[in-house]
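So the chains spell out like this:
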Amino acid sequence: MGSTQRSTLSTNVAGLVDGSSAREQVSYIDNLPVYVKELIAGGAAGAFAKTAVAPLERIKILLQTRTEGFHSLGVHQSLKKLLKHEGFMGFYKGNGASVIRIVPYAALHYMTYEQYRSWILNNYPTLGSGAHIDLLAGAASGGTAVLCTYPLDLARTRLAYQVVDTRRTFEYGTKGFQSQTAYKGIKDVLFSVYKEGGVHGLYRGVGPTLIGILPYAGLKFYIYEELKRHVPEEYDNSIAMRLSCGALAGLFGQTFTYPLDVVRRQMQVGKQLHSVQGNAGYKNTLEGLSTIIRNQGWRQLFAGLSINYIKIVPSVAIGFTAYDTMKFWLRVPPRQKSQPTSTA
């Protein structure tokens, strides 16, 4: 028995010395299909970025939906008020649904972007290989990811919208808070919404989401890749460079599409918002935009934009940087670079 153990130990030590164990691990990673590596890299990047900015995301939703007791407060005061009445974990309320949504969303978003991009370059050479390919691939991948994960985004929004005084010290506005439906978790939200409106209810607000995500996702990838193309070659692998390019990409992309995000949030919270503010539901995106401008003023279309800037800068920057880093660790082959379209 002792000789068998010694033989096994000797074999393991020999494997470590000659690197066979490491080679087996390398071989396993290298044998994974490229699209699987892209899914893993995208999902990990999305989860990391979303968790990093969860407190700011919660405040942004409260400001966008004009939640009782928060709509007239600034970012700092809202953070203090939320900490007082819900504690530290209040900052991450709805983050579970957010992460559960963002992992498949980001995984699909990044992977389908790479696949759409390769498909366009291989099948439509007449389109060239400029940055407009990133714009098209990014828009298509954003729409695909939204359609596959939208019910989880709706659940995250409804959980983040409700404010319950877990410390029982909330005196001002208590009636407004208690009148809102209290959801217990993701499953409860999905079940309740489906019971009320079926599949259509689970996709309430998907119209403005798609209208907003197509240009946003396209611009985000377009700006990021275009900025990287102008970076000197010696800085290609710089973390600071990727963070800067990602931040600017998210900043510009979000500014142009933010009003649609506000309409989407107000459509998602649906009856919760209408029971508190006495408004009728929006039938479509255009009606939502016009109603908000008429009843709440055009400034409401940009409510929470300042905090969104604070959130978007680190979120998109971390997302792109983490994705590129994960692709490097997973040894994803370099993809074909898009070049500026040349003129005759």
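Above: the structure in question.
Here goes a summary of the coordinates provided. Worth saying up front: this structure is predicted, and the values here are computed from it rather than measured.

Reading the values: the criteria
- In this numbering scheme, every chain counts its residues from 1 along its sequence in written order.
- It should be noted that, the model being predicted, local features are given only for residues of pLDDT at least 70 and side-chain atom pairs only at 80 or more, the latter also being counted only at that level, while totals for whole chains, interfaces and linings use all residues.
- The basis for every side-chain value is the complete set of non-hydrogen atoms in the structure, without hydrogens or water.
- Strands here mean DSSP runs of E at least two residues long; helices mean DSSP runs of H or I at least four residues long; both are numbered from the N terminus.
- Using a 1.4 Å probe on the protein chains alone, a residue whose accessible area is under 20% of its type maximum counts as buried, one over 50% counts as exposed, and one in between counts as partly exposed.
- Contacts are residue-level and defined by heavy atoms, with any inter-residue pair within 4.5 Å sufficient.
- Reported accessibility uses the Shrake-Rupley method at a 1.4 Å probe radius. Residues are deemed covered only where the shown protein chains occlude them.
- Residues forming no salt bridge and having over 30% relative accessible area are the ones grouped into patches, like charges within 9 Å of each other and nonpolar side chains (Val, Leu, Ile, Met, Phe, Trp, Tyr) within 5 Å.
- Counted as salt bridges are all cases of a side-chain nitrogen of Lys or Arg within 4 Å of a carboxyl oxygen of Asp or Glu.

### Notes on the overall build of the protein
Helix and strand counts for the protein come out as 14 helices and zero strands. When its helices and strands are written in sequence order, the protein yields α-α-α-α-α-α-α-α-α-α-α-α-α-α. Of all 344 residues assigned to the protein, the portion counted as buried reaches 48%. Sequence separation of at least 24 residues holds for 82% of the intrachain contacts in the protein that already meet a minimum separation of 6. Of the roughly 17,500 Å² that the protein leaves accessible, carbon and sulfur atoms contribute 63%.

### Concerning the environment of Y309
When you line up the elements, Y309 lands in helix α14 (residues 305-329). Given the relative accessible area of 27%, Y309 is considered partly exposed. Y309 sits 58 residues away from L251 along the chain, and the two C-alpha atoms are 6.4 Å apart. Non-local contacts of Y309, meaning those with residues more than four positions away in its chain, are made with L251 and T255.

### A closer look at the environment of G142
Among the secondary structure elements, G142 is positioned in helix α7 (residues 132-161). By relative accessible area, which is 0% here, G142 ends up buried. Remark: the alpha-carbon pair of G142 and L214, spanning 72 residues in sequence, is separated by 6.0 Å. Among all residues touching G142, those that are not within four sequence positions of it are Y105, H109, I213 and A217.

### Focus on a nonpolar patch on the surface
On the surface, W119, Y124, L127 and L136 cluster together into a nonpolar patch covering about 390 Å² of accessible area. With respect to the secondary-structure elements, Y124 resides in the loop between α6 (95-123) and α7. By relative accessible area, which is 39% here, Y124 ends up partly exposed.

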